[in-house]
Every structure is written in C-alpha cells, then in structure tokens.
Amino acid sequence: MSDSRAGDAERMRGFSAAARLVPGLPQLLDGRRRTGFTLLGLASTMIAVLVLGYPRVIATFTEGRLDYWVAFGTLTLGLVSAWGLSVASAARPRRPNGEGLSEWRIAWREFKRNRLAVLGLYLMVLLYLATLLAPFLTPYGPAEMGEVIADTRHLPPSLAHLMGTDKFGRDVLTRVLFGARISLSIGFIAVAISVTLGTVIGAVAGFFGGIVDTVLMRFVDTLISFPRLVLLITVIALFDRSLLLVVIILGLTLWPSTARIVRGEVLSLREREFVQAARALGLSSPRIIFRHIVPNVLGPVIVAATLGLGNIILIEAGLSFLGLSVPPPTPTWGNMIADGREAMVFAWWVTTFPGLAIVVTVVAFNLIGDGLRDSLDPRLRM
Amino acid sequence: MTRYIARRLLQAIPLLLGILTLVFIFMHAAPGDPTAMYMHPSVAPEILEQMKQNWGLDQPLHIQYVRWMKSFLTGDFGYSLTQHRPVAAILAERIPNTLLLSGTALVLIFAIGIAVGIVQAVRQYSLLDNVLTLVALFIYSMPTFWLALILMLIFAFKVYQIDWWPDFLRFPASDMTSVGHDAMSGWGRFADRLRHLTLPAVSLGIASAASVARYTRSSMLEVIHQDYIRTARAKGLPERTVILKHALKNALLPIITLLGLYLPFLFSGAVLVEIVFSWPGMGRTIFDAIMQRDYPLVMATSFVFATMVVIGNLVADILYAAVDPRIRYE
Amino acid sequence: MGSDVSTLLPLVEATSLDADINALLYRGLNSARWAGGRIEYMLDDLSLAERWEFGPDSTTLTYHIRPDAVWSDGEPIDADDVVFTYELARQPDVASRYYVFWEELDSVAALDDRRVTFYFKRRSPRMLLHSGAPIIPKHIFDSVPADGASLAGHPSVVHPDSVLVVSGPFRVATMVPGERLVLEPNPRTFSERPALDRVVFRIIPEATTLMIEFMSGRADVIYPVSLTQTSQLAEATDVRLATTGPRFYEFIPLNGSAFAPFTDSDVRRAISYAIDREGILAGQGITDYASPAAGPYPPIFPDLADPSVQPDAHLPDSARAILSSKGWRDSDGDGVLDKDGRPFHFTLVTEAGRRSDAATIIQSQLAGIGIDVELRLLEHGTLIDRVFVEPDFQAALVGWAVTLDPEYLVQQFARDAYYNVTDYTSVAVDSLIPLARSAASLADAAPYWRAVGATVARDRPYAFLWFYTEVAALSDRVRDTRIDIYSVFQNLHQWRIEP
C-alpha cells in the first residue's frame, strides 16, 4: 500500500520533471489553460516549421541571406522562449488575484479578460511570426515565376499552391507572406509620426486656446483641407518612388486628425476640476499638459493610433489601385489586389487572399486597440 | 455666434489662398505637362510648343501664378486644357454628382454607425456586441476599392445569374442613370437613380459607418460610466430615457467632430469609388486632371475640395458648441 | 469605352478615339480605307467630293463637291468651308494636329462654290492624305477667334446636344461628359441613313466594371478590351472578338548616354536576345492579339516590312556569349555580371498596368543571364516627361500607336528628331528619308521606307518588343461590322442589332 503510494508519488515526480520539459504542460496541469496552450502552441508551431521546412532551414547556412538568418533566429528564439517561459512560469507560484498589483498589471488583467482583444493579440503575434519565418514556410520565392508562365498562371488553390497562383504563375501564399513585411512596416512608421505630432499639437492648442489654438488649428485645417492626392502624386513623381517616402508623407498628412481629436478632448478637460486645481497650485503649463492632460487623453489617442495603423495599410491599398504604390516585383497586399482585380471574375483567389490578409491585420490591430482602451482607462473599468 | 461664423469664414480666406498657392507650386513642380496626350511621332514638336504657348505654359512660373490668381479672384476659373470647355461648366456639372454621392454616404455613415454603436455600448461584452464588433471591423478593414469591386461582382453580376433573385436587388455597375432614363416616368426615374446610387454609396459609406460605430460605442461607454448617468439611473428613470436622452447627447460630442473629419475622407474615398462605378463626380475629375496635368482644372477642383472641408470643419465646430454648453466661443 | 472623347471638333482632336468618333460626325473630301496591306484613298458614299482630278504636273488636285452635300442645319457644304478649315489648320494658334498637312501644301483655293483646288509645293505621295482632313462649317466657326481654345470652346461644341453642326451620318443627341455620348442619325445626311436609331457610347474607366456591364448584357460592345481579359471573353458564348490589327507597338529604348554599355550595338543585341517575347505574350495569354516585333513596321504592311528582318528569337546563351566577349563576366559569383568592378545594373522605367507586367517578366528574364534590372514605375505624365520631353532614363518600356502613314519613323529615328530619345544616328537612314519623301507615289516610296525600317531593326536603338492589336468585344446581336486597322467604328452607320 505505502509502496504503491510512494511509487505514485515517484511517478508523479518523474512525470512532472518530464512535463517541465514540454513547454506549456506544467501550466496545463496547473490549470492555467490559456498560458499552457499558448506556450504549447508556440513550441509545436516552431517544431512543425522546423520539420516541414527542414531543407530550407538548412539552406540558411548555405544561402547566407539576411532574411534566412532572421527566420532562423526567430525559430530558435521561439523555441527557447517557449521552453524558457514555461519553466520560469512553472517555477513561479501563482499570485492570488488582486493583491499588490501595479497599475500596468491591472491593465493587463483587464486586457486578458477581453476575449476579442486577446484574439487580436494572438493574430498579431501569428502575423509577425509568419512574416519573420516566411522563407521557411514556402518553397517559392516571392518574385519567382512559373517555369512556363502560360501553364502555371491562374492555377486554383491546390496542395502545391495553397492559395493558387497569380497571372505570372507566382505562388500567392508566398507573396502574401512576403507582402506582410512591407504592409506591416508601413503602419508603424506612419502612425508613430502622426500620433506623436498630433497629440502634442492637439494638446497644446486645446490647453492654451486663444491665438495659439487659432494658429495651430488653422494649420491643421490647411493640412486636412489639402487634397492629399495632389501631394502624393507630386512627391511620388518628383522623387523616385520609394516606400519610405510614401510612408513619411502619409505620417505627415495624417496627424491633423489626431490633433483634432486630442484638442476636442482637451477643450473639455481643461475646464475640469483637477486641471483647475493644478493651475491654482501654480504648476507649469508643460507639466500640466504632459502630466495631467495627456494621460487623460491617451484613450482616444490609442484608439486613433490603432485605427491609424490599419488605415495606413488601407491607404496603401488605395494608392496601389491608382498605380501609385511600390514598384513590382515587391509584393504588398495592396498591389496584389490591384494587380489581380482584372482576374476577379474567374480567378477569385488572386485577390481574395491578400484582401483577407489585410482584413485580418487591420482587425487584429483594432481589437488590440479596443482592448487597450478599455483596460487602460480607469473610468471604463467595471 | 454669427460674429463667430463670420470671423471663421474670414479666416478661411487666407487659408484657402495658401492651399491654392501650395497646390500651384506642387503641380508645376511635378514633371510632365498637358501636351502629353497629344504626343506622337506623327505630331510635329512645333505643334506641342505652340500648344504650350497658347496655354501660357511657356511663361515664367511667377507670371503664370499671378495671371491665374488674377482671373481666379475675378471669379474666372479658366478653361480646361483637356476637356476644352470652361472649368466653371465642369464644376457645375460634377459638384452636384459628388454631393449626391457623398451626402447619401454621409447619411448612411451616421445613421448606421450611431445606431450600431449605441446597441453595442448598451450590451457591452454581450454576444451581440462581439458579433457586431467583428462584423463592423471586418467591413472597416476592407480596402474601399476591393469592397466596391466585390459588391459589384455580387450585386451587379452574380445575382443576374440567379433566377429567383428579386429584380429590385439587382443593381447596375456603373453610371448615374440607365440608358433609357429620359424615357422613364417621374417615379421610374427616381427609382432608377436610387438603384444606380446604392452600390457606390454603400461602398463609400459602409467602412466609415463601421468606424463611427466604434467611436460611438467607446464614447457611449465612457459616458455611461459617469456619475450623472448613475444618478439618473438611481433616480429611477427608465433605461431608454437615460441612454437616449442623457447619455447620447454627451456621447455625441466627439462623434460630431468626426463629421468634419469625414468630409476629406469621403472625398478621397470618392476618387476610388467614382472610378470603380464610373460615377462622373469630383473625385474622378481631380484624379484625371492631376494625371493629365490639366492645371486650371486641378486648381479649381482643389479649391472646391478645400472649401468643402473648411465648411465641414466650421459646421462641426458649430455643432460642437451647440451640444456642449461648456465650450464658449468668444 | 475606357475614356472620354476630349473634343467634338476634329481640328483640335487629341486621341485616336477622338478621331474615330469625329469621323462619324464630320467628313472630308475623300475617304480612306484599309485595303489588304495599304491605305487606299477613294470617293465613296461618305466623301464630300464626287470627283477629283490631278493637274497636268501632278502638283495640283481639284475636288468637285457633291451637290447634295449639306450641313445638319441645312446650309450647303461648299468650297469656302474647305478653304476655311485648311486656313484654320495652318494657324499656329489653333495648334491643330492637321498642321503637318501644310508641310507640302502651298495653298488651297476655291474655284467656285463646288470646286476647290489644292496647290502643293511639290509632287508627293501624300497628296490624297493631305487633302482629306475633316471639314468644319465656316458659317458656325468664323465668328470665333482663330485659336484652339476659342474653337473648342464654341458653345455648339461644348453643348452639342442636337445643335452641333455636322456633315457625317450621325449627329450628337446628348453628351454627358464622363458618362455618355449618344449619337443619332443625322436627318440631313447625304449618305445612306444609319440602320441604328441610337448609339450610346458609355465611358467606364475601370476594366472590371466594363466587363461586368458587358457580361450582364448592359452593353453590346466593349472597345477597347483590356488584353488580359480577352482569354476570358473568348470563352463566353454569343460574343465575338474583333481585332483592329497591330495598331500599337512597344519597345525598350536603350539610352547609351545615360548607361554607357548601351552605346555598343552588340550589347543592345544581347539584351534583345535575352528577352523571350513569345514566352511573355504566352504568359499573359495574349498570343492571339500580339506578335513579336522585329522593327518599327508591323508585318501587315507588306510593302514596308522587310521579310528578311525577323524578330529576335530567345537566345539567352548567345546573349551571355556576346556579353562575355565584351568583358562582362560574373567574377565575384553574386549572380550579376560585372566588368571592371562595376555590375551590369540599370534602371528600367515604365508605368503601371500591362506594361509593368511585361517589364516584371523581362526583369526576371534578364536576371537569368546575370543582368540586374531595377524596375521603377512612374505615373504616366512623369514617364512621358522623363522619356520623351527631357530624356533622363537608362531604359524604358514605352510604346507608340502605329500610324498608317509610313513617315512616322522620321520623327523617331532621324538625326536630332524630337522623338529620337536615344540619339540614334545612322547615315543610311538619314540619306534614305529624303528619297522616300520625294517619291511620286506611296508605292514608289515604299522600298525606301522598307530600307529605313530594316536598318533601324538591325541597329536596334530599341529592343523592339511586340506589336499588339486593339480588340473590340461584340455581342452576337451586333451585325454587319467592318473592323480593321483603319478604325473600329468606320462603318457604324451600317451596323445592325439583331432583335
């Protein structure tokens, strides 16, 4: 009797030692299912990529190209971190809810409670993994055309081409994966520019009012009223067309909308008690703006920024439609749809998959933004 | 208030002149000129030179600018170099078309957007909220021209191959009216216009409606959690009154600023939608004008766009003051 | 249709579409028609003249205007209208494309109401062409100043609904710019009355939309059809595709002054060999509508195209060998040829659309023999500026419409010609051109033009790519059409719609 109990315990110890080696299992056994499945999922994805893309992973060492090394690094990092996080979090005792939590931790807890937001986060991580691992995920190159184009063009989705081929016999899946890099990078730069400028200028205008407000807002009005198409076409025509250029121009033309939102918020905030109090205390204006006002308008700004992230990807698609975006063969989701649109009636897959990629990305950003907004703003916590 | 409006309008004048000057500089800095469409080895280069001379494009830039500004200030927009008719005639034809399209889209945006947003806020985190959020997001996340093409493919093409599909849900893919429009009865004409308007207006408006819904939801949630709403509830007012009367009014405040923001957005979206549905509006006009370097037409269309935006902003600000008594305009 | 008619006044028309539509509204003294390989001038039901006669030394040409010729407002069409039209075309301020007709013309004079004589400076094969410009009514346009803007801005041209004064089989019922142009029979036409009661030209810029309108039966004809959509239309029943013949050609000028290796004609030949023309056309599924080009004259001109000059075959190995003999080798093993430490790298500019598709494939084919091509897409106006107005490019994928008049080579390949963007010079070409121009007839000039074309083809200032045809898709209901390289709508007045 006691022997068998001791044996059970022994087995349990052996099992948990073994379990510790499988990422996510300790958490699963512990009842933390989400963490467990996430880590398990991450690790198995990485292993699947390693197994299925084995020849290309090996090619890293012979090809020596940067994107292969990046992919290789991602793969290694993914495996190591899945395992490492699993071990680390298994070793850490569970913290009872609501005890000694920092403001950020509360926000994170709130965020986790919002299922859609978490879904968005997963989608985003997945997208970035796919982007980074792109060379291992597909046997084709993004600009690689079919051997005989006439025989390989517009092939419907099949095992060899999961998303079919386009008009040059290029693999659509490959182009969607590689297109993600461009499309994802676009959003960040432009949004970083527009949010920073927009918040500062909007807050300053709203806070000071009067002549400062008038001047700044007239400037904002000018930019908003300026036909962006004129600006884009000129800049693209004058300078050699490059993605960075388009992104910067977008960033510089989009900030006024953020500024207006921020100003609108600040206009009502500055009449509120805490700002009046800060003023009465004689605090300096920059201090009031950055310590008391800006944190209170972060919610709308974050919403604007997440919407902005997706927006830029959408604008890029629109520019592609007008034939004003990145030159081929570089794929962006936008120019893939624009290029495939003449085939829409008979080859739906050429436009549908990049279109869905855009939708998924923009949805993911928005879900995350919403989640952040709900969790960061104390007023919204239930 | 009247003084405020007058002052804003006065302030808009230098703003518009500034924008026009910038557009002028930008357009002339861009390579290319309007003779490109005539270029061909069978057309003598002297003819091209002569055209430039006729159009005054051989003059130094500052002289061209002064000349244009002079005629503009006297209310003359000049002649279109590509359409060979007065720019004013083109504007008179195109502006109503664009206003019809974007006005319809604007109504769709706010009607659908606010309604959906309220429902979502009231039922925060419910299944309905989540489903609506996802559907709205999905639509919002589609590139306008792709959405337009898909709608067209389905409602102007595929449904014609489905026998049982009701006729009134089959739509034309292009133009503002049918070929036989003039022969129709009054009611028939209206229905015909409406049918032609449906797909473009939906394509143009639905994405923004989704984003209005998002803003409305956020804004409503913020308001709902504030003390005075709790007080109103505590007083035992019916939920409907609390939401529609007390919460909505305050929640609409940031939404109304969107009105001003959506105008330029609608116009740039209109370029794509007007091209896809061959809607003869301002968006297509400015795009073609820029592409063909039809300078007088570009200047005039830019002026119209900028004016509409300025007016949109002004309207937004006035509405802003109307709903929020805390904001004072001196 | 994809784009709008830019003006309803032939004197100031810009595009070939303008010319096609205006020819339905305004007629000239003679008529032209494509007759198996060359353009033929004649008098037919649609010509304003009923007879022409050459003067004794063949430098004058007299036309007799038919007595029943009237404008749509009832005024007779007389010799003064002809003189008026030609005098306007001569004015620089009008900037008419018919200005070039005066190159060999000396004067035009009315003998009486119905007889008009053209006096030429010298005998020329183009006398019939130069006397065939569409005539406009003097009594309408002599009240406006003689400049392009005033003429094109005449109220009856801007608002033509039922008031535009025309001479052709059709008149304008309504015009809604950007949306549609409706033609109806001209009740006073002197030719046979059109079979159709109404012809609606709709302007739809987006090719997908065009297609959907056609396939759903809301349009009977698409012109022009985007070539990439032809394969799909070919499968549809009740549709026929009519081709105009090779109306356009595309090429890559290789600009030696911006990229030195291109000054060597062997290097240009190597580039040309590396391009698989058949493969590219097959890849786009348009082999029925485009064919590889050997030089600037399409094979449908039997007098002008030299049969011994064939399009370059796809010979990547020869291309590599040629380049290697010129010192271009891949010495650093990066897959790109180099010489004196400099890689074979150049920039190819073109515009979005089918051209960028072709350029994309060419880029990958040149990569196959170790040439690194950077592709840059420019917006149309910028491309024209960079290539033709102020040449600033290394290589460009561009094209021209083929004109039925063989002279259009002159502006492209003669020394210092405006459109000679690669500064191509050839002694042979420069000496042949004057001979061709002074020949007695088109037939006599042909051998010279053929020699010019062949010389250019062998020197390859451009990598000649292909000729392509314009395609019109017609529903089977539409009958009795005559579509060839001359025009799609040339006999629109005879078209019928089956019920």
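## Comments concerning the overall build of chain C
Phase 1: Counting secondary structure elements, chain C contains 16 helices and 21 strands.
Phase 2: The C-alpha radius of gyration computed for chain C amounts to 25 Å, which stays within 12% of the reference 23 Å derived for 499 residues, consistent with globular compactness.
Phase 3: Projected onto its principal axes, the C-alpha coordinates of chain C cover approximately 80 × 60 × 40 Å.
Phase 4: Here chain C holds 499 residues, and 53% of them are scored as buried.
Phase 5: Across chain C, contacts joining residues at least 24 apart in sequence account for 65% of those joining residues at least 6 apart.

## Notes on the overall build of chain A
Phase 1: Along its length, chain A carries 16 helices and zero strands.
Phase 2: For chain A, the proportion of its 382 residues judged to be buried stands at 46%.
Phase 3: A separation of at least 24 residues holds for 70% of the contacts in chain A among residues at least 6 apart in sequence.

## Considering the packing of helix α15 (residues 427-437) of chain C against helix α16 (residues 442-459) of chain C
Residues and elements named next belong to chain C.
Phase 1: For the pair α15 and α16, the least separation of the axes is 9 Å and the interaxial angle reads 160°. Overall, the two elements α15 and α16 adopt an arrangement that is roughly antiparallel. In this structure, the crossing between α15 and α16 has a hand that is left-handed. Contacts from A428, V429, L432, I433, L435 and A436 in α15 reach A445, Y448, W449, A451, V452, T455 and V456 in α16.
Phase 2: Its residues placed into classes, the contact of α15 with α16 shows twelve nonpolar, one polar and no charged.

## With respect to helix α3 (residues 61-73) of chain B
Phase 1: With 13 residues, α3 of chain B extends 18 Å from end C-alpha to end C-alpha; this agrees with the ideal 18 Å at 1.5 Å per step.
Phase 2: Looking one or two residues beyond α3 of chain B, the residue adopting positive phi is G75 of chain B, at roughly 85°.

## So, the environment of V298 of chain B
Residues and elements named next belong to chain B.
Phase 1: As for its position among the elements, V298 is in helix α11 (residues 295-323).
Phase 2: Note on V298: 28 C-beta atoms within 10 Å, which makes it buried.
Phase 3: Counting along the chain gives eleven residues from V298 to F287, while the straight-line C-alpha distance between them is 8.5 Å.

## Some remarks on the nonpolar core
Phase 1: Ranked by size, the top nonpolar core spans 336 residues in total, and within it A148 and M152 of chain B together with A472 of chain C carry the most contacts.
Phase 2: Aside from chain neighbours lying at most four places away, what touches A472 of chain C is V221, I222, Y223, P224, V225, A242, I483 and V488 of chain C.

## Describing unusual backbone geometry
Phase 1: Residue P224 of chain C follows Y223 of chain C across a cis peptide bond; omega there is -10°.
Phase 2: Turning to its location among the elements, P224 of chain C is positioned in the loop between β10 (221-222) and α8 (230-235).
Phase 3: Non-glycine residue R293 of chain B carries a positive phi angle of around 55°.
Phase 4: Among the secondary structure elements, R293 of chain B is positioned in the loop between α10 (282-291) and α11.
Phase 5: Since 26 C-beta atoms lie within 10 Å of it, R293 of chain B is described here as buried.

## Some details on the interface of chain C and chain B
Interface size is commonly expressed as the accessible surface area that is lost when the partners come together.
Phase 1: The interface is formed by 50 residues belonging to chain C together with 45 residues belonging to chain B.
Phase 2: Counting only elements with at least two residues in the side of chain C that touches chain B, the list comes to α5 (148-152), β9 (199-202), α7 (207-215), α13 (380-389), β18 (398-401) and α14 (410-413) of chain C.
Phase 3: Here the element with the most residues in the side of chain C that touches chain B is α13 of chain C; it accounts for seven residues.
Phase 4: Taken together, the residues of the side of chain C that touches chain B sort by class into 23 nonpolar, 15 polar and twelve charged.

## Focus on the sheet that holds β9 of chain C
All names here are of chain C.
Phase 1: Taken in spatial order, the three strands line up as β7-β8-β9 in an open sheet, and their pairing is antiparallel. This sheet does not close on itself; its edge strands, each paired only once, are β7 (170-176) and β9. Averaged over all pairs of adjacent strands, the angle between strand axes in this sheet comes to 20°, irrespective of strand direction.
Phase 2: Direction of pairing for strand β8 (residues 180-185) relative to β9: antiparallel, over a ladder of four bridges. Of the residues in β9, the one forming a bridge with R180 is R202.

## Regarding the sheet that holds strand β15 (residues 345-350) of chain C
Residue and element names in this part refer to chain C.
Phase 1: In spatial order, the strands read β16-β15-β17; together these three strands make up an open sheet with parallel pairing. Every other strand in the sheet has two partners, leaving β16 (372-377) and β17 (395-396) as the edge strands with one partner each.
Phase 2: Pairing geometry for β15 and β17, over two bridges, is parallel. In the sheet register, L348 faces β17, and the bridge partner there is A395.
Phase 3: Sheet strands in contact with helix α12 (residues 354-368) are β15 and β16, and its direction is about 165° off that of β16.

## Brief notes about the confidence of the model for chain A
Atomic detail in the predicted coordinates should be set aside for any region of low pLDDT.
Phase 1: Across chain A, pLDDT averages 75, with 79% of residues at or above 70.
Phase 2: Here helix α1 (residues 2-21) of chain A stands out as the element of chain A with the lowest mean pLDDT, 60, in contrast to helix α9 (residues 172-208) of chain A, whose mean of 83 is the highest.

## What to know about the packing of helix α7 (residues 115-137) of chain A against α9 of chain A
Between two packed helices, the angle of one axis relative to the other and the distance separating the axes together describe the packing.
Residue and element names in this part refer to chain A.
Phase 1: Interaxial distance between α7 and α9 falls to 8 Å at its minimum, and their mutual angle equals 140°. One way to sum up the angle between α7 and α9 is to call them oblique. As for the relative orientation of α7 and α9, their crossing is left-handed in sense. From α7, L127, A130, T131, A134 and L137 reach across to α9, where they touch L177, F178, A180, R181 and L184.
Phase 2: A class-by-class count of the residues in the contact of α7 with α9 yields eight nonpolar, one polar and one charged.

## Some points on the environment of L253 of chain B
Residues and elements named next belong to chain B.
Phase 1: Tracing the sequence through the fold places L253 in helix α9 (residues 239-276).
Phase 2: The buried category is assigned to L253, around which 20 C-beta atoms lie within 10 Å.
Phase 3: The spatial distance from the C-alpha of L253 to the C-alpha of A316 is 9.9 Å, given a sequence separation of 63 residues.

## Overview of the pairing of β16 of chain C
Residues and elements named next belong to chain C.
Phase 1: Taken together, the six bridges between β15 and β16 define a ladder with parallel strand orientation. For H345, the partnering residue across the bridge sits in β16 and is D372.
Phase 2: Regarding topology, α12 serves as the crossover connection from β15 to the parallel β16, and that connection is right-handed.

## A few points about the confidence of the model for chain C
Phase 1: Confidence in the prediction for chain C averages 86 pLDDT; 100% of positions are at 70 or higher.
Phase 2: We note a pTM of 0.82 for the whole complex and an ipTM of 0.81 for its interfaces.

## What to know about α9 of chain A
Turn by turn, an α-helix covers 3.6 residues, leaving residues three or four places apart pointing in a common direction.
Residue and element names in this part refer to chain A.
Phase 1: Its 37 residues give α9 an end-to-end C-alpha distance of 53 Å, which sits within 8% of 54 Å, the value for a rise of 1.5 Å per residue.
Phase 2: Roughly 30° is the biggest bend found in α9, and it falls at G179.
Phase 3: With its phi angle positive at about 65°, G209 sits one or two positions after the end of α9.

## Here's the deal with the pairing of strand β3 (residues 49-54) of chain C
All names here are of chain C.
Phase 1: As defined by bridge partners, β3 adjoins strand β4 (residues 60-65) across five bridges and the pair is classed as antiparallel. In the strand pairing of β4, F54 is matched with L61.
Phase 2: As consecutive antiparallel partners, β3 and β4 are separated by five residues, and within that stretch S58 has a phi angle of approximately 60°, a positive value.

Scoring rules and cut-offs
Residue indices follow the written sequence of each chain, beginning from 1 at its first position. Starting at A for chains and at 1 for ligands, labels are handed out in the order in which the entities are written. Per-residue local features of the predicted model are confined to residues with pLDDT of at least 70, and side-chain atom pairs are confined, for both listing and counting, to 80 or more; whole-chain, interface and lining totals are unaffected and use all residues. Segments assigned H or I by DSSP are reported as helices when at least four residues long, segments assigned E as strands when at least two residues long, and all are numbered from the N terminus. When we talk radius of gyration, it's over C-alpha atoms, and the globule rule is simply 2.2 Å times the number of residues to the 0.38. Three exposure classes are used, all based on how many other C-beta atoms lie within 10 Å of a residue's own C-beta (placed from the backbone): buried at 20 or more, exposed at 12 or fewer, and partly exposed between those limits. A residue pair is marked as a contact if its C-beta atoms, positioned from the backbone, fall within 7 Å. Axis lines are fitted to C-alpha atoms, over the contacting stretch for helices. Their N-to-C directions set the angle, which ranges from 0 to 180 degrees. The labels follow the angle: roughly parallel below 35 degrees, roughly antiparallel above 145, roughly perpendicular from 65 to 115, and oblique for the rest. Crossing handedness is defined as follows: a turn of the near helix away from the far one that is anticlockwise and smaller than a right angle gives a left-handed crossing, while the clockwise case is right-handed. The classification used treats Ala, Val, Leu, Ile, Met, Phe, Trp, Tyr, Cys and Pro as nonpolar, Asp, Glu, Lys and Arg as charged, and all other residues, Gly among them, as polar. Given the number of residues in a helix, its expected span is that number minus one, multiplied by 1.5 Å. Note on terminology: a nonpolar core is any set of buried Ala, Val, Leu, Ile, Met, Phe, Trp, Tyr and Cys residues joined through C-beta atoms within 7 Å. In this description, strands pair whenever DSSP reports at least two bridges between them. pLDDT expresses how confident the predictor is about each individual residue, on a scale running from 0 to 100. Handedness of a crossover is defined as follows: with both strands directed away from the viewer, a clockwise route from the first strand across the helix to the second makes it right-handed. At any given residue, the bend is defined as the angle formed between two axes, one fitted to the seven residues that end at that position and one fitted to the seven that begin there.

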